[in-house]
Structures are given as structure tokens and as C-alpha cells.
Amino acid sequence: MSTIDAVLGAISNALFTWILVWLLLGAGIYFTIRARAVQLRHIASIGRAVVGSRSGAHGGISSFQAFAMGLACRVGTGNIVGVALALILGGPGAVLWMWVVAVLGTATAFTESTLAQLFKVRRPDGSFRGGPAYYISRGLRLPVVGGLFAVVFMTANGLAMPMVQANAIANALGSAGDVPAWASALIVVTLTAPVLLGGLRAIARVTEWLAPFMAVAYLLLVTVIIVTHPIEAWNALWSIVEGAFGLRAGLAGLAGGVTQAVLNGVRRGLFSNEAGLGGAACAAGAATVAHPVQQGFIQAFGVVLDTLFICTATALAILVAGERVYVPGVTEEAAAGSLTQNAIAALMGEWTRWPMAVLIVVLAYSTILGAFSYAQVNLDYLTSRPWLARALQIGAVACAAVGSFQKLATVWSLADILLGLGAIINLVALVLLCRWVLGALRDWEACGAKALAMRAGRAQDDGAPVFSVDSPYLPGVLPGDAWPHAAPEDRPQNAAEERRLTGSSTGPR
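Residues numbered from 1 in each chain as written. Predicted model: local features only at pLDDT ≥ 70, side-chain atom pairs only at ≥ 80, totals over all residues. Heavy atoms only, no water.

Visitor: Sorry if this is basic, but what is going on with the confidence of the model for the protein chain here?
Guide: Low-confidence regions, as indicated by low pLDDT, have predicted coordinates that should not be scrutinised in detail. When the pLDDT values of the protein chain are averaged, the result is 81; 88% of them are 70 or greater. Considering each helix and strand of the protein chain separately, the mean pLDDT is smallest for helix α21 (residues 495-502), with a value of 42, and largest for helix α7 (residues 132-139), with 94. Counting interchain partners and residues more than four positions distant, the pLDDT-below-50 stretch residues 455-462 has 15 contacts. Here residues 492-509 is modelled with pLDDT under 50, and outside its nearest four sequence neighbours on either side it reaches 35 contacts, counting other chains as well. (pLDDT = per-residue confidence, 0-100. Helix = DSSP H or I, 4+ residues; strand = E, 2+ residues; numbered from the N terminus. Contact = heavy atoms within 4.5 Å.)

Visitor: Is there a simple way to explain the environment of leucine 23 in this structure?
Guide: Locating leucine 23 in the fold gives a position in helix α1 (residues 2-34). The class for leucine 23 is partly exposed, based on a relative accessible area of 40%. In this structure the C-alpha to C-alpha distance between leucine 23 and valine 428, which are 405 residues apart in sequence, comes to 9.5 Å. Once residues within four sequence positions are removed from consideration, leucine 23 is found in contact with Ile424 and Leu427. (Buried < 20%, exposed > 50% of the residue type's maximum accessible area, 1.4 Å probe, protein only.)

Visitor: What am I meant to see in the packing of aromatic side chains here?
Guide: Two aromatic rings, taken as a pair, are described by how far apart their centres are and by the angle between their planes. Tallied over the full model, the rule gives 11 aromatic pairs. On the numbers, 5.8 Å between centres and 50° between planes, the contact of phenylalanine 64 with phenylalanine 67 is tilted. Of the two residues, phenylalanine 64 and phenylalanine 67 both sit in helix α4 (residues 63-74), 3 residues apart, roughly one turn of that helix. Judged on exposure class, the residue phenylalanine 64 and its partner phenylalanine 67 are both buried. Measuring from centroid to centroid gives 5.2 Å for phenylalanine 467 and tryptophan 483, while their planes differ by 85°, and the two rings are edge-to-face. On the criterion of sequence distance, the pair formed by phenylalanine 467 in the loop between α20 (449-455) and α21 and tryptophan 483 in the loop between α20 and α21 is long-range, its members being 16 residues apart. Classification of phenylalanine 467 by relative accessible area gives buried; the value is 1%. Its relative accessible area of 5% is what places tryptophan 483 among the buried residues. Among the aromatic residues, those joined into a cluster by ring pairs are Phe64, Phe67 and Phe301. (Phe/Tyr/Trp six-rings, centres within 6.5 Å; stacked < 30°, edge-to-face > 60°.)

Visitor: I would appreciate a short explanation of the packing of helix α12 (residues 257-273) against helix α14 (residues 292-321) in the present structure.
Guide: For any two helices packed against each other, the geometry comes down to the angle between their axes and how far apart the axes lie. Close contact between α12 and α14 brings their axes to 9 Å; oriented N to C, the two are set at 130°. Between α12 and α14, the interaxial angle falls into the category oblique. Note that α12 runs across α14; the crossing there is right-handed. For the pair formed by α12 and α14, the contact residues are Gly269, Ser272 and Asn273 on the first element and Val303, Asp306, Thr307 and Cys311 on the second. (Axes fitted to C-alpha atoms, helices over the stretch in contact; angles between N-to-C directions. Parallel < 35°, antiparallel > 145°, perpendicular 65-115°, else oblique. Left-handed = near helix turned anticlockwise from the far one by under 90°.)

Visitor: Help me understand the pattern of salt bridges, please; the structure alone is not making it clear to me.
Guide: Oppositely charged side chains can pair when the atoms bearing their charge come close. Scanning the model with the defined rule gives 5 salt bridges in all. Here arginine 36 makes a salt bridge to glutamate 445, at a shortest N to O gap of 3.8 Å. Placement of the pair is arginine 36 in the loop between α1 and α2 (38-41) and glutamate 445 in helix α19 (residues 434-446), with a sequence separation of 409 residues. Taking the relative accessible area as the measure of exposure, glutamate 445 reaches 12% and is therefore buried. The salt bridge involving arginine 129 is made with aspartate 380; its shortest N-O contact spans 2.6 Å. One end of the pair, arginine 129, is in strand β2 (residues 128-129); the other, aspartate 380, is in helix α16 (residues 353-382), and 251 residues separate them in sequence. By relative accessible area, arginine 129 is classed as buried at 7%. (Salt bridge = Lys/Arg side-chain N within 4 Å of Asp/Glu carboxyl O.)

This is the structure in C-alpha cells:
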């Protein structure tokens, strides 16, 4: 087993260090250029989309619930341990490069989530399913490749992820209060079984309040630290800038130098916000929205919240604590697992260790829910048989119980490899289908009075679509019945009418 662990670990490290990092970074740059920096041009629209995302579900999954499912998986233990590791290996400067990656990642998240909406399918109960498997099958007309992605992603998120996250819960409870493994397993099963066995709607209802609550609670905790340590907080921010560009000696991490700050910041930023990995797209495709771009905007905001806020909060807590817990180039890699907890305890007192343990439990628990929602979407692509869905739910609960008892390095490495392979498939599909996203964005920007009303935050409360399959901006006609055909009077008939309705100086492209 030690040999297997070593081989899988080496493959996982090579995949995530030398292949996926550069593919994801290149994809972010590519989509930012192709969409003309959509994340910056439409920053106000992103905010309005989030504010108005709770209505219009029609018995399905609302736009906000889909956002919360993606957020539940994005905001996890990686925001605590991963950021600490980035600081240890790359120094404070790694944080600035995480910010850069987040800005680029919003374009990738927008692309994959808009595609998930464009090629989603309607289910008999009125809900929707979408994601990489669906747009690979329906957009590229490669159902076998879509099925391959679905199997890979379902296995990694539905079976492996509950194991490793349950192990994180057991470790957190054991470190805080010597809670035995059997008690941790009982807690995990008690928490996960009712929700996972309830299916996608049950997951959506729980994550709708759990994910935002834990994010806000953590941000408030760090806000208290910043307010009570203003000078240290300012010095921490300045050390991030100095470290990123090598302006001051002594701020390099263990690996040393500006290059390592860039590499570690980029890597941790990419895998914290998950933009391009395909998971958030699975959640996005389940939402009921008036226009595909609307969900693209909302999922782009998830990247901002994850990296620019949650990851930055972790970094500031550690840097404000300073030499009491962390010294650049000195603190060892093995300290990453407890660095954030030690920093908060040093700043606010030892009483915070149990609340931090509870926070880690909640983060791991929410990741189990979010990841399983991705698995459920991909299982629905493969089959509609209820007994297989129930088997996956029971299997996930059983895996969570097993994961509470023992370390699972092999499972963790295998899950990483499967997710990495799925991400490569997804990124290729995103590039090939990018023109559909650009068409949908152009339609949203120039489809007349209804789009303008939605852009101003006055969209129809009933969630009636303002998008149709025969938009003149799409490269073709969308398959299926998830989106309606437009009535002739609802859409501009020529470039002159479009300019009159939108104030645009250019016609359809």
C-alpha cells in the first residue's frame, strides 16, 4: 500500500503542479480576453444577479440555491489549510497572486456556468440538470465523452470525497477534545444521512442557509481581529505586496523567491475557487433562471467570495498573529494543518480552539453535501433509475462512516487524480464551446427591453424566460425544451430596432 500511495501521490502532484495549474490559468486568460473582461464590465450586474437570485424557482432549485451548493463545495478546509500552506511555501506574496487568479477565474466560472444553463435538460418533475457531461454530450455531440466525465466525477465526488472530508471531521474533533473515532463516525452519519438520502432538493435547502452562514461567520471573526489589530493588519497587507514582488528580504516562503510566491499563490487560488474544474457548473445547470447569463454572473461571484474574501481572511489572521505562529521561510510545511487555529488562538485566546474545530467540521460537512450534489447531477446524466440513485446515496453515507476511522491517503490521491482528469476534459470542452457563451452574453446585452429590465433589477418575479433558443446571436439552435422559442414580437427584427432598444452602436454579430 505504501508503494501505491507513493505512485498515486506522485501522479497527483505532477497533474496538479505541472499540467492543470497552467491549463486553468491559460483558460482564465483566454476567457477573459474572449468575453472582453466580462467580470469587470458587468461587475454591477453580477451584484444585482446575486441580490435577486432567491425567486423564480417554480418548485425546482432557485438560482441562489444552486449558488449555495457551489459555495458549499468551494468554501471548505482548503480555505484554511490550503492558504496556510501557500503562506508557508510561497510567503505572504502568494496571497496577491491568489487575488490575480481569482479575477481570471471569474471569467472561467462564468463560462462553464453559462454553458451549463444553455445545454441543461428538463426533468419530468420540472427541475433541471446541467453541467459538463450535458454540454459535452449536447453541445459537442459526444455523449460517450460526456458519460466518461460523469463516471469520473460521480466517483470522485460521491464516494471518495465523503471519505476524506469525514476523516477531516474526525481529526478536528479528536484534536479539540479527544473525541473517539466511533463517535465522530456517528456524528458524520447523523448529519449526512438525512440530507443525502433526501436528494438534490434536500441538499439545496440545507446548503442555502449553511454555506452563506459559515462564510459570514468566518468573515466576521476575522473582521474582529482586523478591527482590534489595525496596525498589524495594515502591515500584513503591505507584506503581501512586498512579498509578491520581492521588495523586501525575509518574506520568501520555504521554497524561496518571487517565482515560488507566484506558483504557490496561483496553485492554491485555482484549486480553492474551483473555477474550470466542472463542479460548480453541475450546480449551476440545476437552477431555474430567466437567462443563462444570470447564473453565470452568480457563479462568478462565488469565485470572488471564496478567494478574495475567505482566503484573504485566513491569510490576514495568520499574518496579523505574526511571529507568534508564523515566520516566512522558517515555519515548516507540517504546521499548515493547525496554523490558522493557532493564529486565532494567539490573537483571541485558547477558548477559540473549540469554535474553530466546529468551523472545520461545518466546512468539511458542507463540502460533503456540495460534492455529493455534483455526483447526483452526473448520475442523473447516466441513468434515471431510482434504485441506482438510492444506492449512490447509501454508498456516500457508508463511505463517510468508513472515512471517520482511518486515514485514506490512497483515496485522497485517487480522488485528486479523477478530479484532475475530469477538469482536463471540461477545459477542452469549454474552449470548443466558448462561442455559445459569447452568443448568450451578446444576447443578454442586446436582446431588447426585457433584458434591459432584468439588467436594471426589474426582471419578472415569476422567472419567465427572457431568453430563447432561436436567439440570432447563438451559433446554432439549442437542442431540447429547457428554453422556449421566442414570439416574433419579443425580439428585435433588425439591427436598427436593436439599436433603438439597447442604445448600442453595433448590430448583431
